[in-house]
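Reading the structure
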Amino acid sequence: MSDTSTRSDAAELLSEDFATVIGQTMGWPPMAGRTAAVLLLSAEPMTVQQLQDELSASAGSVSEMTRLLITNGVVRRFKAPGTRHFVYEWRPDAWAGCLQHQLHQTEQLRELAHRTERQGRALSEQQQRRLRDMAAYYDFMVARLGALLEDYRSGL
């Protein structure tokens, strides 16, 4: 078995592992995990056509998966100088981007928790307690995730 074949087998195993684990953990379709793996391992930015070829996927599927990965902070889309087409690449700060996305989601949930806590003042004590608990939980999570992001970035 040649070195190229070994790397290809290793990349295929990683891609399938990403498809399964990321898909299940994040609630994403398996194709999102495969797309993440391809871009993570790619030495160069890739066009939609290259991603389609590599993944044996439609343009619509690639577009949807790259949009999901961009939203989650691990991939970026840009036009390379002198080109007409957008390309996609794994962000150099992908893990900070992922954590930033998690923080942003948690901040949105914290806002919801505080809004419902204010709006629920006429509810029963049990219901109000549950809303206070929700707000306290998201306050805690935002503080911790913000500190984690700062710590992670300072260690880069």
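Below is a short write-up of the structure. All values derive from a computational prediction rather than experimental measurement.

1. Here's the deal with helix 6 (residues 125-154)
In a regular helix each residue adds 1.5 Å, so 30 residues correspond to 44 Å; helix 6 covers 43 Å between its end C-alpha atoms and thus fits that length. Where helix 6 is concerned, the buried positions are Leu131, Ala135, Tyr138, Val142, Leu145, Gly146 and Leu149. Buried residues along helix 6 sit against helix 5 (94-119).

2. Digging into helix 3 (residues 48-55)
Looking at helix 3, one finds that the buried residues are Leu51, Gln52 and Leu55. Take helix 3 and look down its axis: the buried residues cluster within an arc of 105 degrees, on one side only. Set apart from the buried face of helix 3 by more than 90 degrees, the exposed residues are Asp53 and Glu54. Elements in contact with the buried residues of helix 3: helix 2 (30-41), helix 4 (59-71) and strand 2 (86-90). Once helix 3 finishes, serine 56 follows within two positions and takes phi at roughly 50 degrees, a positive value.

3. Notes on the pattern of salt bridges
Tallying each qualifying case throughout the model produces four salt bridges. A salt bridge links arginine 76 to glutamate 89, with the nearest nitrogen and oxygen atoms 2.5 Å apart. In this pair, arginine 76 is assigned in strand 1 (residues 75-79) and glutamate 89 in strand 2, connecting sequence segments 13 residues apart. Since its relative accessible area comes to 36%, arginine 76 is described here as partly exposed. Between arginine 132 and glutamate 125 there is a salt bridge; the shortest N-O distance is 2.7 Å.

4. Details of the pairing of strand 1
Here strand 1 runs beside strand 2; their pairing, made up of five bridges, is antiparallel. Bridging from a neighbouring strand, phenylalanine 78 pairs with valine 87 of strand 2. Counting the residues between successive antiparallel strands, the hairpin from strand 1 to strand 2 contains six residues, one of them, glycine 82, with a positive phi of roughly 80 degrees.

5. What to know about the side chain of asparagine 72
Within the secondary structure, asparagine 72 sits in the loop between helix 4 and strand 1. Judged by relative accessible area, asparagine 72 falls into the buried class, the value being 6%. Not counting residues up to four positions away in its chain, the partners in contact with asparagine 72 are Met26, Trp28, Gly97, Cys98 and His101.

6. Considering the packing of helix 2 against helix 4
What describes two packed helices is the angle between their axes and the distance between those same axes. Contact geometry of helix 2 with helix 4 gives a least axis separation of 9 Å together with a crossing angle of 75 degrees. With respect to each other, helix 2 and helix 4 are oriented roughly perpendicular. Between helix 2 and helix 4, the residues in contact are Met31, Ala32, Thr35 and Ala36 and Ser61, Met65, Thr66, Leu68 and Leu69, respectively.

7. Things to note about the packing of helix 5 against helix 6
Interhelical geometry of helix 5 versus helix 6 gives an angle of 160 degrees and a closest axis separation of 8 Å. When the axis of helix 5 is compared with that of helix 6, the two are roughly antiparallel. Two packed elements cross with a definite hand, and for helix 5 against helix 6 that hand is left-handed. Counted by class, the contact of helix 5 with helix 6 contains 17 nonpolar, six polar and six charged residues.

8. Concerning the layout of surface pockets
Empty space within the largest pocket amounts to approximately 280 Å³. Forming the walls of the largest pocket are 13 residues, and the residues nearest its centre are Ala11, Glu12, Ser15, Val38 and Glu54. Mapped by element, the contributors of at least two residues to the lining of the largest pocket are helix 1 (3-26), helix 2 and helix 3. Counting residues per element, the lining of the largest pocket draws most heavily on helix 1, at five residues. Of the residues assigned to the lining of the largest pocket, the class counts are six nonpolar, three polar and four charged. By volume, the second largest pocket is sized at about 160 Å³.

About the thresholds
Residues numbered from 1 in each chain as written. Predicted model: local features only at pLDDT ≥ 70, side-chain atom pairs only at ≥ 80, totals over all residues. Heavy atoms only, no water. Helix = DSSP H or I, 4+ residues; strand = E, 2+ residues; numbered from the N terminus. Expected span 1.5 Å × (residues − 1). Buried < 20%, exposed > 50% of the residue type's maximum accessible area, 1.4 Å probe, protein only. Contact = heavy atoms within 4.5 Å. Arc of directions from axis to C-beta. Salt bridge = Lys/Arg side-chain N within 4 Å of Asp/Glu carboxyl O. Pairing = 2+ DSSP bridges. Axes fitted to C-alpha atoms, helices over the stretch in contact; angles between N-to-C directions. Parallel < 35°, antiparallel > 145°, perpendicular 65-115°, else oblique. Left-handed = near helix turned anticlockwise from the far one by under 90°. Nonpolar A, V, L, I, M, F, W, Y, C, P; charged D, E, K, R; others polar. 1 Å grid on protein atoms, 1.4 Å probe; cavity = no way out; pocket = protein on both sides within 12 Å on 5 of 7 lines; lining within 4 Å. Points joined across faces, edges and corners; volume = space filled by probe spheres on them.

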